[in-house]
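Read off the chains here:
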Amino acid sequence: MGDALLWHRLQFAFTAVYHYVFPQLTMGLAPVLAWLRFRREEKLADFLTRIFAINFAFGVVTGLPMEFQFGTNWARFSASAGDIVGQTLAMEGMFAFFVESVFLGVLLWSKPTARQKLVAAVALWIGSWLSAFFIVDSHAFMEHPVGFARSGGKLVLADLGAVLTSFWAWVEVAHVLVAALVTGAFVLAALGAFYMLSKRHESEAKRLLGLGTTLGLVASFAVAFPTGDQQAKLVARHQEPALAAMEGRFESGSMAGITLIGQPNVPKRRLDNPIRVPGALSFLAYGTFHKNVRGLAEFPEDVWPENIELLYYSFHLMAGLGTLMIGIMGLAVLQRLRKRLERSRMLLWGLMIAFPLPYIANTAGWLTAELGRQPWVLYGLMRTRDAASPNVHSGDVLFTLIGFCGLYLLFGLVFVFLVGRQILAGPGAEEAHD
Amino acid sequence: MVELWYALVAIAVCVYVVLDGFDLGAGALHLFVARTDAERRAVLEAIGPYWDGNEVWLLAIAGALFVAFPSVLAAAFSGMYLAMFLVLWALAFRGVSLELRGQSKNELWRALWDFVFCASSASLPVLFGLALGNLLRGFPLDPSGMVVLPLFVDFTPAPPTGLIDWYTLLVAVFALASLTLHGALFLASRTGGDLQKRCKRVATLALPVVLALWIACGAASGFVARLTLRPLAIVLLASAMAAFAAIFVMLRRERFGAAFVASSTFLASNLAGLAAASFPTLLRAVDDRASVTAYDAASSPHALGVGAVWFLFGLLAVGALFVRRYLRAT
């Protein structure tokens, strides 16, 4: 295995996927915490802040390697695109990160008043969402580069305003933030269901269920429409081979269908055992049933995404789970309006065990974006294989990848232990922290 | 504009070392100066509100390099690949141990995380010292401006070069000693009782060690590093000497806060002096003709210009926030 590129990619993918477990919850809970502080529901807010803080700490610890890997593992990418992505990534560090760590310090290490807690909660909300914006903006530049010029083999910044106001970036950041709210909502609902079923903290459980299901329905709907819909339309317009691969579509034609189930058979260039909704893809991507949606066969193979199978499954997993989550939350809200949610054990059980779904869907969504962009690291400008550090060999990368596997296994155990303790202690418990 | 960014990177490095330096030093010390659980908690409470914010200045260094000198970031980070990940892992263990220690009252549990915290805190100054030593000695840059640097080869600064040789190791030991002193002074200024007495003892013992290592590093750098003694560098060197004398005096008078400020000045003057003496070289090569200067590596004028506006704005805002927090706590 002399090919260092594979290990570079695996390490980045592994550390990124692992990292994203944490910020999706902090971004999703941050506005809820601010709201609870605003409503002076301090007991519940204190409890959720403890869970938030653990997630936040793990997010910071696992986030730092992400920023550094641009330099260590992707040196050629950093050297040639740093002029542009350096700006947005450094902005994240400067504005968002500073604000967050300072105000988290206020919350955890001093004995703040209710008013200070409210200020800190709002600051953390702004900080975490700003973080998301700058990171997603950097990512959007990779998916759809704007605001740059070429100068001697390097990309140089031509217009920072264009980079910051890129339409792709705003659609993507909306999609990412709403998806994070879904995670937050499912976690709230699962906590509420857990306490309700355990017959503990019942008044808080009611509140958690109310918050979780209401936010959950609104957010899981907004993930699909308008944000997901707009995101897909952008892919259809700017990354045609990616759209074709996401749908496992090899041949062109109008009345293009959406595949519900099927297995892409890339060597034979067809989709096995397909069940399709005819015309739906043409309509969703272009607004008319008769629009031709080009299949992969129309593109040279060197611009095909490299892992069509995984891309196809990621996209379908995301979309399928998204639909399921709307269903679950729709049912829960309906039952809650009929005042039956708290007595419906089946539904409470469902809500309690459903919390991993948004985590899986979020991950699958990011995989769709990343795999769909391949073989490019900067779409149409720079290939992934030209982006890695030429001076770092496979022995080094495999060493650090194995190191991350061990470290993150340990962190995962510790995380589950810490969060589990807080959940078992429940709202109103003395903080375990001394 | 290039000069401004060179200065910004240097300032970020100075601020990072002064700020995170005290909590790293305090962490490296705390197994030795704090004996009881209450004392260890006192150490953690002294640095608890700050370490996270201090660490963010490390991101500011990386951020400034990324904006202004991306090819240097790329070459240095990938060139010191294994060391960079050791830094990241040590930072990770450090953050986690602080978070975990208080989660159980079990003695063994606390002893475990105290040890992890101490070991990770002590290893970071060593790694940063190694990196500084490498920057001064020079990297084996190839014509594409990239470098391959194993952890060690034969422990001499002559090619074939490794990250660790006697010179970089000397700088690393100096870094550990001076940050331990720095941390001891910080703790002495923020605690009381036996803990404070022990911190004072550590600081008193560390003082001659730091002085000896400082002189040794200076002499060795004369042979290994190629620095330009311009007026600014000499002024900063004089300021470092004065600051060192001030540490000595303030420590004897038990004015720990003032001694800590003097120690901060000592660290910052040293680093700023090195930056001034190295300008415009950013990434020194073993073969000096291959060295990368700030002018070679700079981003486009537009990127430097707009970057400077928001970076300076951010630096001022954050600086004001930090000053306010530190002043309020004293």
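Residues numbered from 1 in each chain as written. Chains lettered and ligands numbered in written order. Predicted model: local features only at pLDDT ≥ 70, side-chain atom pairs only at ≥ 80, totals over all residues.

### Brief notes about the overall build of chain A
This is how it is decided: The numbering of helices and of strands both runs from the N terminus, where a helix is a DSSP run of H or I of at least 4 residues and a strand a run of E of at least 2. The globule rule used for comparison is 2.2 Å times the number of residues to the exponent 0.38, while the radius of gyration itself is calculated over C-alpha atoms. Counting other C-beta atoms within 10 Å of a residue's C-beta gives its exposure: the residue is buried at 20 or more, exposed at 12 or fewer, and partly exposed in between, where C-beta atoms are placed from the backbone. It is the C-beta atoms, placed from the backbone, that decide contacts: two residues are in contact if theirs lie within 7 Å.
Counting secondary structure elements, chain A contains 14 helices and six strands. Taking 22 Å as the expected radius of gyration for a compact globule of 434 residues, we find that chain A reaches 23 Å, a close match to that expectation. Along the three orthogonal principal directions, the C-alpha set of chain A runs to about 60 × 50 × 40 Å. Looking at chain A as a whole, 54% of its 434 residues are labelled buried. Across chain A, the fraction of contacts at a sequence separation of at least 24, relative to all contacts at a separation of at least 6, is 75%.

### Examining the overall build of chain B
When helices and strands are tallied, chain B shows 11 helices and two strands. Secondary structure of chain B in N-to-C order comes out as α-α-α-α-α-α-α-α-α-β-β-α-α. Against the globule reference of 20 Å for 330 residues, chain B gives a C-alpha radius of gyration of 20 Å, in line with a compact fold. By the burial criterion, 55% of the 330 residues in chain B qualify as buried.

### Quick look at the environment of Met382(A)
Residue and element names in this part refer to chain A. Examined against the element boundaries, Met-382 turns out to sit in strand β6 (residues 382-383). Among the residues examined, Met-382 registers 18 C-beta atoms within 10 Å and is labelled partly exposed. Residues Met-382 and Ile-308, spaced 74 residues apart in sequence, show a C-alpha to C-alpha distance of 20 Å. Those residues in contact with Met-382, other than ones at most four positions away along the chain, are Phe-77, Ser-80, Trp-376, Val-377 and Ala-387.

### Considering the environment of Ser314(A)
Position of Ser314(A) among the secondary structure elements: in helix α11 (residues 308-337). The spacing of Ser314(A) and Ala361(A) is 47 residues in sequence and 8.4 Å in space, taken between C-alpha atoms.

### A few points about the pairing of strand β3 (residues 258-265) of chain A
Rules: Between any two strands, at least two bridges found by DSSP are needed for them to pair.
Here six bridges tie β3(A) to strand β4 (residues 270-277) of chain A, and the two strands are oriented antiparallel to one another. Residue pairing across strands places Pro264(A) opposite Leu271(A), the latter belonging to β4(A).

### Focus on the interface of chain B and chain A
Rule in force here: Only Asp, Glu, Lys and Arg are considered charged, only Ala, Val, Leu, Ile, Met, Phe, Trp, Tyr, Cys and Pro nonpolar, and every remaining residue, Gly among them, polar.
In this assembly, 49 residues from chain B lie in contact with 49 residues from chain A. Elements that contribute at least two residues to the side of chain B that touches chain A include exactly α2 (37-68), α3 (70-79), α4 (81-101) and α11 (301-329) of chain B. A per-element tally of the side of chain B that touches chain A places α2(B) first, with 13 residues. Here the side of chain B that touches chain A is built from residues that sort into 32 nonpolar, 14 polar and three charged.

### Details of the packing of helix α14 (residues 394-425) of chain A against α4(B)
Angle between the axes and distance between the axes are the two parameters that describe a pair of packed helices. Under the convention used in this document: Axis definition: a line fitted to C-alpha atoms, limited for helices to the stretch in contact. Angles are taken between N-to-C directions and run from 0 to 180 degrees. By definition in this entry, angles of less than 35 degrees are roughly parallel, angles greater than 145 are roughly antiparallel, angles of 65 to 115 are roughly perpendicular, and the rest are oblique.
At a minimum axis distance of 11 Å, the contact between α14(A) and α4(B) shows a crossing angle of 5°. In terms of orientation, α14(A) lies roughly parallel with respect to α4(B). Contacts between α14(A) and α4(B) pair Asp396(A), Thr400(A), Gly403(A), Leu407(A), Phe411(A) and Val414(A) from the former with Tyr81(B), Leu82(B), Phe85(B), Trp89(B), Ala92(B), Val96(B) and Leu100(B) from the latter. Looking at the contact of α14(A) with α4(B) residue by residue, the classes come out as 10 nonpolar, two polar and one charged.

### Here's the deal with unusual backbone geometry
Residue and element names in this part refer to chain A. Here the bond from Gln-374 into Pro-375 is cis, since omega is 5°, no more than 30 degrees from zero. Tracing the sequence through the fold places Pro-375 in the loop between α13 (356-373) and β5 (376-378). The backbone of Arg-40 shows a phi angle near 60°, a positive value even though the residue is not glycine. Mapping Arg-40 onto the fold places it in the loop between α2 (21-38) and α3 (42-72). Among the residues examined, Arg-40 registers 11 C-beta atoms within 10 Å and is labelled exposed.

### So, the environment of Leu155(A)
Residues and elements named next belong to chain A. Following the sequence through the fold, Leu-155 ends up in strand β2 (residues 154-157). The exposure class of Leu-155 is buried, given the 21 C-beta atoms found within 10 Å. Setting aside anything within four residues of it in sequence, one finds Leu-155 in contact with Ser-80, Ala-81, Asp-83, Ile-84, Phe-148, Arg-150 and Leu-381.

### So, the packing of helix α7 (residues 167-197) of chain A against helix α12 (residues 345-353) of chain A
All names here are of chain A. For clarity, the cut-off: By convention, the crossing between two helices is left-handed when the near helix turns anticlockwise from the far helix through less than a right angle, and right-handed when the turn is clockwise.
Remark: α7 packs on α12, axes separated minimally by 7 Å, with the N-to-C direction vectors making an angle of 135°. Taken together, the axis directions place α7 and α12 in an arrangement best described as oblique. The handedness of the crossing between α7 and α12 is left-handed. Contacts from Ala-189, Ala-190, Ala-193, Phe-194, Met-196 and Leu-197 in α7 reach Arg-345, Leu-348, Trp-349, Leu-351 and Met-352 in α12.

### Brief notes about the confidence of the model for chain A
Going by this rule: How sure the predictor is of each residue is captured by pLDDT, a score from 0 to 100.
Scored by pLDDT, chain A comes out at a mean of 91, with 97% of its residues at no less than 70. Looking at the elements of chain A, mean pLDDT is at its lowest for helix α4 (residues 75-109) of chain A, recorded as 81, and at its highest for α13(A), recorded as 97.

### Things to note about the nonpolar core
What counts is decided by this rule: We define the nonpolar core as any set of buried residues of the types Ala, Val, Leu, Ile, Met, Phe, Trp, Tyr and Cys, connected via C-beta atoms lying within 7 Å of each other.
By size, the foremost hydrophobic cluster in this structure holds 271 residues, and its most contacted members are Val9(B), Ala12(B), Ile61(B) and Ala64(B). In terms of residues, this core owes the most to one element, α7(A), which gives 22 residues. Apart from the residues lying within four places of it in its own chain, the contact partners of Ala64(B) are Ala90(A), Trp5(B), Leu8(B), Val9(B), Ala12(B) and Phe311(B).

### Examining α11(A)
Applicable threshold: One less than the residue count of a helix, multiplied by 1.5 Å, gives the span that helix is expected to have.
Compared with an ideal rise of 1.5 Å per residue, which puts 30 residues at 44 Å, α11(A) spans 43 Å between its outermost C-alpha atoms and is within 8% of the ideal. Looking one or two residues past α11(A), Lys339(A) carries a phi angle of roughly 60°, positive in sign.

### Topic: the confidence of the model for chain B
All names here are of chain B. In the predicted model, chain B carries a mean pLDDT of 88, and 99% of its residues have values of at least 70. The secondary structure element of chain B with the lowest average pLDDT is α11, at 83, and the one with the highest is helix α6 (residues 166-190), at 93. Scoring the predicted complex yields pTM 0.92 and, for the interface, ipTM 0.89.

### So, the pairing of strand β1 (residues 148-151) of chain A
Residues and elements named next belong to chain A. Here β1 pairs with β2 via four bridges, running antiparallel. When the sheet's bridge partners are listed, Arg-150 is paired in β2 with Leu-155. Where β1 hands over to β2, the hairpin turn is made up of two residues, of which Gly-152 adopts a positive phi near 55°.

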